[in-house]
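Descriptive analysis of the structure
Listed below, chain by chain, are the residues.
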Amino acid sequence: MNRLTKALVVTLSLVIFSYASLGYVLGKSDDQKSYRSLGVYSEVLQRVQEEYVEEPSIPKVTAGALHGLLESLDAMSSYLSPQEYTEYKKQISAKPAGDVGMAISKRSGYIMIVSTLPDSPAEKAGLHTGDFLESVGGFSSREMSVRQAMNLLVGAPGTAVKVAVVRRVEARTDELTLTRAQVPPVHVAVTRLTPDTAYMRVVTLDKGKADEIRSKLAELDKDGVKKLVFDLRGCAMGDTPEGVAVARLLLNSGTIATLKGQTVTKQEFTADAGKQVWKNQLVVLTSNATSGAAEIVAAAVGGNHRGDVVGERTFGTASEQKLIEFDDGSAIYLTDAFYYTPAGKAIPEEGVVPTTEVNSQAEDAAGFSRVENPPLTPSPNDDSILSKALEILNGGHKVAERAPAVHRGPKIALIG
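Worth saying up front: this structure is predicted, and the values here are computed from it rather than measured. Numbering of residues starts from 1 in every chain and runs along the sequence as written. Whole-chain, interface and lining totals are the exception, using all residues; otherwise, since this is a predicted model, local features are given only for residues with pLDDT of at least 70 and side-chain atom pairs are given and counted only at 80 or more. Hydrogens and waters are ignored; side-chain quantities use all the structure's heavy atoms.

**Side note on the nonpolar core**
Nine residue types can take part in a nonpolar core, namely buried Ala, Val, Leu, Ile, Met, Phe, Trp, Tyr and Cys, and a core is a set of them joined through side-chain atoms within 4.5 Å. Throughout this description, buried means an accessible area under 20% of the type-specific maximum (1.4 Å probe, protein chains only), exposed means over 50%, and partly exposed covers the range between. Residues Met200, Val202, Leu205, Ile213, Leu228, Phe230 and Leu250 are the most contacted members of the largest nonpolar core, which totals 43 residues. We count a stretch as a helix when DSSP gives it H or I for four or more residues in a row; a strand needs E for two or more, and each element gets its number in order from the N terminus. Among the elements that line this core, the one with the most residues is helix α9 (residues 293-303), at eight residues. By the convention used here, residues are in contact when the closest approach between their heavy atoms is within 4.5 Å. Those residues in contact with Phe230 that lie beyond four places of it in its chain are Met200, Val202, Ile213, Val246, Leu250, Leu282, Val283, Val284, Leu285 and Val297. With 18 residues, the next largest nonpolar core counts Leu127, Ala149, Val163 and Val165 among its residues.

Printed below as a string of structure tokens:
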């Protein structure tokens, strides 16, 4: 950067600072913290330009600051530079048919695997819930948004993408090559455990899943099943409206969830007795890998005393985002509304706390993943959460008598 450019940048920063200070003095805003923060930013930028060990790249510094700003809000908010946004739009318009089949989010500054789909490239490669992606496609995930990572993971079937994986349990880094494929839809799986007890495994809540679940529930009721384990562990993909629709299949009254934000008109979603299909005993299973639409279902069941929610506190992402484009070609995805539980608690801030908490005791990655994101076929003898649910269904606990669950320790430090 030459002296003239440097002087212009410094001058601009001072002008911004002066404008902010003047606005404060004249009382144009009652938000003192905003002006103070702007003043600090201006001073930091000036010090970086004048005193950093070498001439900094102002565009890179600015992009880094904006990435950090958005990611400090929540995992789903993100900044896309002009180049990043251009690549993002190209990928979206291409509608790639290949994927690796995993839900991701961002925790501790890096991309983290929340869950993997059955028979997907990610599962076949041995990736587990809680593993971190240190890099994707040769790029560090440290400054990568969730949407950028998703963009890099999809592509034409048969093509490959390299990832560096930091294992959650073993604390080692593996270099893997994932071959993208057309991941088939995962249907709802139902297993009869006893003549009157059934287990339903729901892996995703994408569009159309509520209709599939409705059909399965009707069949179980017709066949004389009276007790149901509704497993939402590892269910981290899907549409929030689908979560509301599924909750209505299970409840006959009460508030399912409330959606609200600063600029979003408050919406309250309520149960409809005419849409309820399952009226018998019910226990919902959750884990740290339960996210998004599935959290709405779990919160509705537990919050309305419809049934017990057994397992672990959920991941916490049930929210809505909007895309905002800027004149320089950049854009941001900004979370503008949270879903709230029937008790009025923001799901992205606290997750959904089970009414009966059972934490995973697995010590190896595979065992941990089986509990967080279990297979389609249940194994009650090797699954402490499922075992507890069956105990409750068989009279070991009544919903009306439950005590508030106590959360022990943080949720998994880890993909909306």
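**Brief notes about the environment of Ser120**
Within the element layout of this structure, Ser120 appears in the loop between β3 (110-116) and α5 (121-124). On the basis of relative accessibility, which here comes to 0%, the residue Ser120 falls in the buried class. With 64 residues separating them along the chain, Ser120 and Pro184 place their C-alpha atoms 8.4 Å apart. When sequence neighbours within four positions are dropped, the list of residues in contact with Ser120 reads Val100, Gly101 and Val183. At 3.3 Å, the side chain of Ser120 forms a polar contact with the backbone oxygen of Gly101. For this analysis, a polar contact is any N or O atom pair within 3.5 Å, provided that within protein one partner can donate a hydrogen and the other can accept it, and provided that sequence-adjacent residues contribute only side-chain to side-chain pairs.

**Focus on the confidence of the model for the chain**
For every residue, the predictor assigns a confidence score, pLDDT, that lies between 0 and 100. When pLDDT is averaged along the chain, the result is 87, and 86% of the positions lie at 70 or above. For the stretch residues 1-29, pLDDT sits under 50, and the model shows 27 contacts to residues farther than four places along the chain or on other chains. Note on residues 398-416: pLDDT under 50 across the span, and 57 contacts to partners over four residues away in sequence or across chains.

**Some words on the sheet that holds strand β11 (residues 227-231)**
Taken together, the six strands give an open sheet; going across it, the order is β8-β9-β11-β15-β16-β19, and neighbouring strands pair in mixed fashion. With partners counted over all chains shown, the strands left at the sheet margins are β8 (189-194) and β19 (356-357), one partner each. Two strands qualify as a pair provided that DSSP identifies no fewer than 2 bridges between them. Direction of pairing for strand β16 (residues 308-311) relative to β19: parallel, over a ladder of two bridges. When the bridges of β19 are listed, Val310 appears paired with Thr356. Angles run from 0 to 180 degrees between N-to-C directions of axes, and those axes are lines fitted to C-alpha atoms, restricted for helices to the stretch in contact. Packing of helix α7 (residues 209-222) onto the sheet brings it into contact with β8, β9 (197-201) and β11, and relative to β9 it is tilted by some 170°.

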